[in-house]
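Observations on the model geometry
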Amino acid sequence: MISISTRFTSGSDIENFAKKLSSKDRQTAKAVRVCIGTGCAAKGSRRLYELFCEAAEQSSQDVRVEAKCVGCHGFCERGPIVVVEPGQIFYQRVEEPDVAEIFRETVVGGRTVERLLYEDPVTGNKAKKAEEIDFYKVQERIVLGNNGLIDPTTITDYIAEGGYKALAKVLSSMTPEEVISEVETAGLRGRGGGGFPTARKWRSCREAKGSTKYVICNGDEGDPGAFMDRSIMEGNPHSVIEGMLIGAYAIGSEQGYIYVRNEYPLAVEHLKMAISQARDCGLLGKNILGSSFSFDIRINRGGGAFVCGESTALMASLEGRTGEPRAKYVHTVESGLREKPTNLNNVETWANIPAIINRGGKSFADIGTEKSKGTKVFSLVGKVVNTGLVEVPMGITLRRIIDQIGGGVRDGKSFKAVQTGGPSGGCIPAEHLDARVDFDELTKLGSMMGSGGMIVMDEDTCMVKVAKYFTNFLKEESCGKCTPCREGLAQMLYVLDRITDGEGQVGDVERLEGLAELLEGTALCALGKTAANPIISTIRYFRDEYDAHIKEKRCPAKECRGLFRYEIDSEACKACGICMKNCPVDAITGDKKVPHVIDQEKCTLCGTCWEKCPFAAVLKV
Amino acid sequence: MAKDNNILEQIVDRYDGEVGMLIPMMQDLQAEHGYLPPDHLRSLAKLLELPLSRLYAVATFYSSFRLAPRGAHDVSLCMGTVCFLKGSSAISEAISREFRVEPGGTTRDRLFSFQAVNCVGACALAPVMVVDGKYYDGVTPDSALEILHKLSPDEENAETTTKGGTV
């Protein structure tokens, strides 16, 4: 970690420092950037970084090479990712033995190692730079722009890329009201799920009575299948801190909190470093940049409760209590944490703020649709070719995200649905793929933007089982405070269990709909009110699958055990005996050169034969 | 115990005795011991002048707190949506069957504690298993068992008695 002894006492200090850095940067002509986001790190990128450092140290004196750890590039599918400067040469799926070659050929020799470049699966063209890859082409990276470029563990990198310039501008030349107006002009809406206008929230909090006010960054990213906030906190923590500083100035707050999920250790580590560096530089603390504005931030780790993503539950947790939401007839902007006016925004919302100040609200508002401005980061995952983090302008169609960026459904399967919005969202079928992605369109389709999970499902996915998965998740995570959520979810799960077990009764779908309506109308918090969305949206678009389970005792996707059988295709069977050996109940008979047969009476439908068969001769029918 | 009390006092001081910081305090206490020993919870309640029930409520509400000692290793299997779609429930079943441990439990020999966790946010790697902080990607039932068997050579014996059991 580079320690920095500079203490900034005015806005121009930052500018001068950035200038100094950029001239110094030009001297370091050669750089190797290794992604250490969770995805790449899991595939051994930290070791790659060490090897590049060693290579850089051993190289001759006249070549100055800098090896650098950077945050997530988003293309996690192709990790570990290594980018070499000059030329931004983008290497993917790099392994330890490749380091020497990259160093010798590219860093020293200036030649490209062809085999490590990304190859377009359709055209076969090799891409030298990230921007030549379809995955990145369609993206517009404002929030993620510096991810993959800067070392998140050092503040100097952030400042070199224009970091804290927005704060300097705000403190030296803008009144709090002007800041709020700028955010209003930008049309920024909360990225955590609700889509509430950020400026309106800020203004309400600013105008609320009381001298002590709090700002909170909600980093309790609990939606399964979503990791945007994780990557921002890990890859560019200072952008969140700068956003909070600007917000606190606008609102009139001196104390902020970042609430991070317990499952995100690296995010906590990077945020802690960032906060302590910002304090050392005088960017957090008393009289920031020589102004009368003082502000500091504390980090709290969550305890592992999904409900704490709800604002009032999160505040209860910050008060050291169990995370139970309360009714919101008094808004948190008036009485939130410790009954003081509190403004809570999501990680991505905060990270957008410096960009809005730097670009100007108007230019930010040029991106997006009429009512949804700017970009949104999605985690595009599931049964799609290119999984990873993508940042796209609002208003792009689902089809472009899935087909063009995601490369379509993997393994040649056909698309069935895309799930957005996490457990409070819904499943959108193929006929609506041309819908524009913004807050209101997705809600119209019975789903929601949510925090940005986008999970692609193919023909092999049983939609009843998907509804059951989310219902089970929510039942486990229900805090239990209000009866509709606590009992309603358990009851709905009971009905769904029965359906997927082949014991569904006629009228079960209507029963689910009745319970869903009850939940929506009577649950205490937003999580409870939306908890039936996965069920409602799957009934809306995939009613036939429910009916097949209930009336025909058949699972069309062949996922629900007991609602389909295994058979061996006698033509594809090579009589190798593997299935026979692995069957736990000896239900398979056969001989050498004689195709094997499954005794349906004995078969327990465990699926072992289907998994083990090397010739895909075991079929689900 | 005197030493333990000392640690507790340090933890409380770290947060200026602020009751609002109860959760971080309990996290620190758990970091010391791997779980929340009941007598320590009692002492902490006394130090903070809170009823023990309040600490117990917090300890049982949040899934990351444990009231029993853990195994030598920490195994977390991701049950997020993508991991689920890619078969994590089959992995969970395989681990439970092989090591006779349910999610949330610890193996009888205390080799590892097994938890099925909500999304770890590494969806591109699905299905994901995290063992002592190390992420394993694209895990299958077989590869998961292989990874866990390597945790201790003593496990060889357990393997022969449980493999091939009924489903």
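Every value quoted in this text rests on a predicted model; they were computed, and no experiment measured them.

Another aspect to go through is the overall build of chain A. Looking only at helices and strands, chain A features 24 helices and 19 strands. The C-alpha radius of gyration computed for chain A amounts to 27 Å, which stays within 12% of the reference 25 Å derived for 621 residues, consistent with globular compactness. With the C-alpha coordinates aligned to their principal axes, the bounding extent of chain A is approximately 80 × 65 × 40 Å. Out of the 621 residues in chain A, the part that is buried amounts to 54%. In chain A, the proportion of contacts linking residues at least 24 apart, taken out of those at least 6 apart, comes to 71%.

With that settled, the discussion passes to the interface of chain A and chain B. The interface of chain A with chain B comprises 41 residues on the first partner and 33 residues on the second. Residues that form the side of chain A that touches chain B fall into these classes: 14 nonpolar, 19 polar and eight charged.

Our focus in this paragraph is the sheet that holds strand β8 (residues 255-260) of chain A. Residues and elements named next belong to chain A. Pairing in this open sheet of four strands is parallel, and the strands run β9-β8-β7-β10 from one edge to the other. Unpaired on one side and paired on the other, β9 (296-301) and β10 (342-346) mark the two borders of the sheet. The average angle at which neighbouring strand axes cross in this sheet is 20 degrees, direction not considered. Inspection of the sheet shows strand β7 (residues 214-219) paired to β10 by five bridges, in the parallel sense. Bridging from a neighbouring strand, Y214 pairs with T342 of β10.

For the rest of this paragraph, the subject is helix α2 (residues 22-33) of chain B. Residue and element names in this part refer to chain B. Here α2 spans 17 Å end to end across twelve residues, near enough to the 16 Å set by a 1.5 Å rise per residue. What α2 keeps buried is the set L22, I23, P24, M25, M26, Q27 and L29. The first or second residue beyond α2 is G34, which carries a positive phi of 85 degrees.

A few words now on the environment of A31(B). All names here are of chain B. Within the fold, A31 resides in helix α2. By the C-beta count within 10 Å, which is 9 here, A31 ends up exposed. For A31 and L111, which are 80 residues apart along the polypeptide, the C-alpha to C-alpha distance reads 18 Å.

As a further point, take the pairing of strand β12 (residues 388-393) of chain A. Residues and elements named next belong to chain A. Burial within β12 is extensive, with six of its six residues counted as buried. Relative to β12, strand β11 (residues 375-382) is paired through six bridges, and the arrangement is antiparallel. Within β12, the position partnered with V377 by the bridge is E391. Hairpin remark: β11 followed by β12, antiparallel, with five residues in the connecting loop.

All names here are of chain A. Counting residues in hydrophobic clusters, the biggest one holds 230 residues, and the most contacted among them are V34, V82, I246 and I401. Broken down by element, this core gets its largest block of residues, nine residues, from helix α11 (residues 237-251). What I401 contacts, discounting residues up to four positions off in sequence, is F378, L380, V390, V392, I396, G406, V437 and M454. Membership of the second largest hydrophobic core comes to eleven residues, among which are I568, A587, I588 and A617.

As assigned here, chain B comprises domain 1 (2-61) and domain 2 (73-162). One C-alpha centre belongs to domain 1 of chain B, the other to domain 2 of chain B; they are set 30 Å apart.

Time to look at the environment of D280(A). Residues and elements named next belong to chain A. Counting through the fold element by element, D280 comes out in helix α12 (residues 265-280). Given 16 C-beta atoms within 10 Å, D280 falls into the partly exposed group. Sequence-wise, D280 and T6 are 274 residues apart; in three dimensions their C-alpha atoms are separated by 8.1 Å.

Detail in the predicted coordinates should be disregarded across regions flagged by low pLDDT. All names here are of chain B. Within chain B, residue pLDDT values average 86, and 89% of them lie at 70 or more. The least confident element of chain B, judged by mean pLDDT, is helix α8 (residues 155-162) at 34; the most confident is helix α4 (residues 52-61) at 96. Counting interchain partners and residues more than four positions distant, the pLDDT-below-50 stretch residues 153-167 has twelve contacts. Overall fold confidence (pTM) sits at 0.91, and the ipTM for the predicted complex is 0.85.

Once that is clear, we can look at the domain arrangement of chain A. Domain boundaries assigned for chain A yield domain 1 (24-137), domain 2 (162-365), domain 3 (375-458), domain 4 (463-551) and domain 5 (566-620). For domain 1 of chain A versus domain 5 of chain A, the distance between C-alpha centres works out to 46 Å.

Let us now look at the packing of helix α10 (residues 228-235) of chain A against helix α14 (residues 347-359) of chain A. Residues and elements named next belong to chain A. α14 packs onto α10 with a crossing angle of 50 degrees between their chain directions and a minimal axis gap of 9 Å. Relative to α14, α10 is oriented oblique. Crossing angle aside, the handedness with which α10 passes α14 is left-handed. Every residue of α14 that contacts α10 at M228, D229, I232 and M233 is listed here: V347, E348 and A351. Of the residues belonging to the contact of α10 with α14, the class tally is five nonpolar, no polar and two charged.

Turning to the environment of C603(A), a few remarks are in order. All names here are of chain A. Tracing the chain through its elements places C603 in the loop between β18 (594-598) and α24 (608-612). Residues C603 and E119 lie 484 residues apart in sequence; the distance between their C-alpha atoms is 44 Å. With residues up to four places along the chain from it excluded, the contact list for C603 reads Y566, A587 and I598.

Before going further, it helps to examine unusual backbone geometry. Here the residue pair G79(A) and P80(A) is connected by a cis peptide bond, since its omega of -10 degrees sits within 30 degrees of zero. P86(A) follows E85(A) through a cis peptide bond whose omega is 0 degrees. Within the element layout of this structure, P86(A) appears in the loop between β3 (82-85) and β4 (89-91). Not every positive phi belongs to a glycine, and E49(B) is a case in point at roughly 55 degrees. If you trace the backbone, E49(B) turns up in the loop between α3 (38-48) and α4. The class for E49(B) is exposed, based on 8 C-beta atoms found within 10 Å.

Cut-offs applied
Residues numbered from 1 in each chain as written. Chains lettered and ligands numbered in written order. Predicted model: local features only at pLDDT ≥ 70, side-chain atom pairs only at ≥ 80, totals over all residues. Helix = DSSP H or I, 4+ residues; strand = E, 2+ residues; numbered from the N terminus. Rg over C-alpha atoms; globule rule 2.2 N^0.38 Å. Buried ≥ 20, exposed ≤ 12 C-beta atoms within 10 Å, placed from the backbone. Contact = placed C-beta atoms within 7 Å. Nonpolar A, V, L, I, M, F, W, Y, C, P; charged D, E, K, R; others polar. Pairing = 2+ DSSP bridges. Axes fitted to C-alpha atoms, helices over the stretch in contact; angles between N-to-C directions. Expected span 1.5 Å × (residues − 1). Core = buried A, V, L, I, M, F, W, Y, C linked by C-beta atoms within 7 Å. Domains from an automatic or database assignment. pLDDT = per-residue confidence, 0-100. Parallel < 35°, antiparallel > 145°, perpendicular 65-115°, else oblique. Left-handed = near helix turned anticlockwise from the far one by under 90°.

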